[in-house]
Protein chains: 2
Amino acid sequence: MKIVVDAMGGDYSPSEIVKGCVLSLKNHKDLTIVLVGQEVLINKELENTIFPKERLIIENANDIITCHEAPVEAVRTKNDSSIVKGLDYLKNNEDAQAFVSAGSTGAVLTGAFLKLGRMQGIKRPALAPLFPTAKGGKVMFIDCGANMDTNETNLVQFALMGHAYMKSVQKIESPRIALLSVGAEDEKGNELVKKAFPLLKEQKINFVGNVEARDVLSGDYDVIVCDGFAGNVLTKSIEGAVSFTMKVVKENILKTTWRKISALFLKKAFKDVKETFKLDSIGGAPFLGVNKLVLKAHGNSKSKNIESAINEVVEFIKGDLIESIRKTLTCE
Amino acid sequence: MKIVVDAMGGDYSPSEIVKGCVLSLKNHKDLTIVLVGQEVLINKELENTIFPKERLIIENANDIITCHEAPVEAVRTKNDSSIVKGLDYLKNNEDAQAFVSAGSTGAVLTGAFLKLGRMQGIKRPALAPLFPTAKGGKVMFIDCGANMDTNETNLVQFALMGHAYMKSVQKIESPRIALLSVGAEDEKGNELVKKAFPLLKEQKINFVGNVEARDVLSGDYDVIVCDGFAGNVLTKSIEGAVSFTMKVVKENILKTTWRKISALFLKKAFKDVKETFKLDSIGGAPFLGVNKLVLKAHGNSKSKNIESAINEVVEFIKGDLIESIRKTLTCE
């Protein structure tokens, strides 16, 4: 299999991206990576590194799209940027199956939308990150910001795409799909939720009803369906609250020398906490509903995260995610 | 000053509510509490308790509105319920200044809306809880679920009410008001946010622009303005994520005997963590925009929380919150 990786995206590019790719090439013997970015910089990173040269193709791209640029404008004008060139490569090479980037979310989504096009029948592609749950599994939030103003039909399609993802990639037989609302009761919600609810009940999916934001990480749900604005608030407030809580815990534990000493004995415990959150092992968010696979890795991705992101993409390819979404949409 | 308290609301009523009131009467020598609920039960709780009898008035109400009842229906039909009778007392007695309830949020808001009426000029009253911040202060989220579908004018009024609250009650000279969005940049957001942004800039308030959900607890903002659906997602996901994080930390710390022993020395540290979150000292959420003061205490309120809720209400009265909101709205 062949995937395309944006070498220039994210806070630690190209160094950590290149390292992540080298790790992935070791993990997956049947993987070829097309690394798109400034060739000179990439080659410098690869100096003194042992890697399978025949499975790492460098595609030069001189330009970079930053997070501060207006996405549509940037994608339209910066033809020599790593994001645009990467997506062009994916589009024009049948054997290339996916694109991974830790760069500007707006530019990656806009670029994927414009270059790859929507899947037949899909009105709005959606960004769908995964979060750890209290019971150890993963939960998908779809959409988390690709679309700002959506209608009930869009929400139904998000549900179907989430269903297909959980079934084909996570191998969950009957994914539990819930609709984000202000209470678990059927009648709760805003106009959009109230319109989507009966439509979701009609689908051939395991729709389990409304869910409150408080319960999304409980492990009782596999997919949380929401509009992009609410989904963005949901994911970012969880991220903010988790790091705020950990900061408060850390500050209090390191407040006195005595506490610091006691905390030393708990170092492994805190490492386990980090492991539970699995921030390293959740590599990024798939952008579902476009014609090829696209994964948006975190902007602050280090090599480990890029490795995880590529692992995820490999699972998408193995699960034939695109075909699975297509089948779910057409009820095949 | 005289306030009305719903003795029958919340998971631990009437016992913890009555205890909280007795604590409050000790704290505030000029306070009279009208305790509304089943007289027999209230009197039983007061047995063997020393309290200033002349400052505790019991108003009998035989009925209870539960959280599972449809609010509008319940408020309209259950005239002998503690919520309806309490709000009636507040409405009909000029010297009564506020109502506190840990009961059904829907019933309290609906009842307050129907019985007390909206303040002149206010289109939609709003529920506005306070959260602790990373810098030690408090931040208000307004609205958090009183209104499901709002327009830009509503958001502007939420901002003005939040401004008035922070100025009169929290004594912040120039409260920093931010608009919840999907990014901090001016142009980010859904249609509602994009319409509200320029209107907020025109107000005589310290509008500091958009804020991402990730940053709402940073301490850089005093008021976060949002529609009720997004606000509900915001508050509940923060609550859920904080408790999820603490659960994970606790589980990992208690995993082995050795860790348990080390953790013993950190008991005080974890107490301090709890103190930072100040869950006990934030009593409840004011319902702003109706003609008298209403505070919705948490459903799981214990006596300490009720005491805090009443402390908050005393601050509202001292800060002349209603008059302050009125002045802000009329730009006096």
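Residues numbered from 1 in each chain as written. Chains lettered and ligands numbered in written order. Predicted model: local features only at pLDDT ≥ 70, side-chain atom pairs only at ≥ 80, totals over all residues. Heavy atoms only, no water.

Caption draft 1: Focus on the sheet that holds strand S5 (residues 126-127) of chain B. All names here are of chain B. With mixed pairing, 7 strands are arranged side by side in an open sheet as S3-S2-S1-S4-S12-S11-S5. The outermost strands of the open sheet, each flanked by one partner alone, are strand S3 (56-60) and S5. Note that strand S4 (residues 96-101) and strand S12 (residues 293-297) share 4 bridges and pair parallel. Along S12, the bridge assignment pairs Phe99 with Val294. (Pairing = 2+ DSSP bridges. Helix = DSSP H or I, 4+ residues; strand = E, 2+ residues; numbered from the N terminus.)

Caption draft 2: Quick look at the relation of the copies chain A and chain B. Aligned on chain B, chain A shows an RMSD of 0.1 Å; the corresponding rotation is 180 degrees and the shift along the axis is 0.0 Å. Viewed as a symmetry operation, the transformation between the two copies matches a two-fold axis. The fraction of interface residues of chain A whose copies in chain B are also interface residues reaches 100%, indicating that both copies meet through the same surface. (Least-squares fit on C-alpha atoms with pLDDT ≥ 70 in both. Contact = heavy atoms within 4.5 Å.)

Caption draft 3: Representation of the side chain of A:Asp227 in the model. All names here are of chain A. Inspection of the secondary structure puts Asp227 in the loop between strand S10 (223-225) and helix H8 (228-253). No salt bridge is formed by the buried Asp227, whose closest oppositely charged neighbour, Arg124, lies at an N-O distance of 9.1 Å. In this view, Asp227 contacts Asp143, Met148, Thr150, Leu155 and Leu192; residues no more than four positions away in its chain are not counted. (Buried < 20%, exposed > 50% of the residue type's maximum accessible area, 1.4 Å probe, protein only. Lys, Arg positive; Asp, Glu negative; His and termini not counted. Salt bridge = Lys/Arg side-chain N within 4 Å of Asp/Glu carboxyl O.)

Caption draft 4: Representation of the interface of chain A and chain B in the model. Contacts between the two partners involve 50 residues from chain A, matched on the other side by 50 residues from chain B. Counting the surface lost from both chain A and chain B, the interface buries some 4500 Å², and carbon and sulfur atoms represent 72% of this. A per-residue breakdown of the area chain A buries against chain B is headed by A:Phe229, A:Lys236 and A:Phe244, which together make up 15% of the total. On inspection of chain A and its partner chain B, the count reaches 4 salt bridges. Residues A:Glu239 and B:Arg214 are paired through a salt bridge, measuring 2.9 Å at the closest nitrogen-oxygen approach. Elements that contribute at least two residues to the side of chain A that touches chain B include exactly strand S8 (176-181), helix H7 (191-202), H8, helix H9 (257-264) and helix H10 (267-277) of chain A. By residue class, the composition of the side of chain A that touches chain B is 28 nonpolar, 11 polar and 11 charged. (Buried area = accessible area lost by both parts, 1.4 Å probe. Nonpolar A, V, L, I, M, F, W, Y, C, P; charged D, E, K, R; others polar.)

Caption draft 5: Structural detail: the state of the cysteines. For the structure shown, the criterion picks out 0 disulfides over all chains. Here A:Cys144 stays unpaired: no disulfide links it, and the sulfur of A:Cys226, its closest cysteine neighbor, is 5.0 Å away. (Disulfide = S-S within 2.5 Å.)

Caption draft 6: Inspection of the pairing of S12(B) at higher detail. Residues and elements named next belong to chain B. For S12, the buried fraction is high: 5 of the 5 residues fall into the buried class. Side chains Leu293, Leu295 and Ala297 of S12 all project onto a buried face; the interleaved residues Val294 and Lys296 project onto the opposite face, where all are buried too. Here strand S11 (residues 284-288) runs beside S12; their pairing, made up of 3 bridges, is antiparallel. Among the inter-strand pairings, Ala285 is bridged to a residue of S12, identified as Lys296. Between the end of S11 and the start of S12, which pair antiparallel, lie 4 residues, with Gly289 showing a positive phi angle near 115 degrees.

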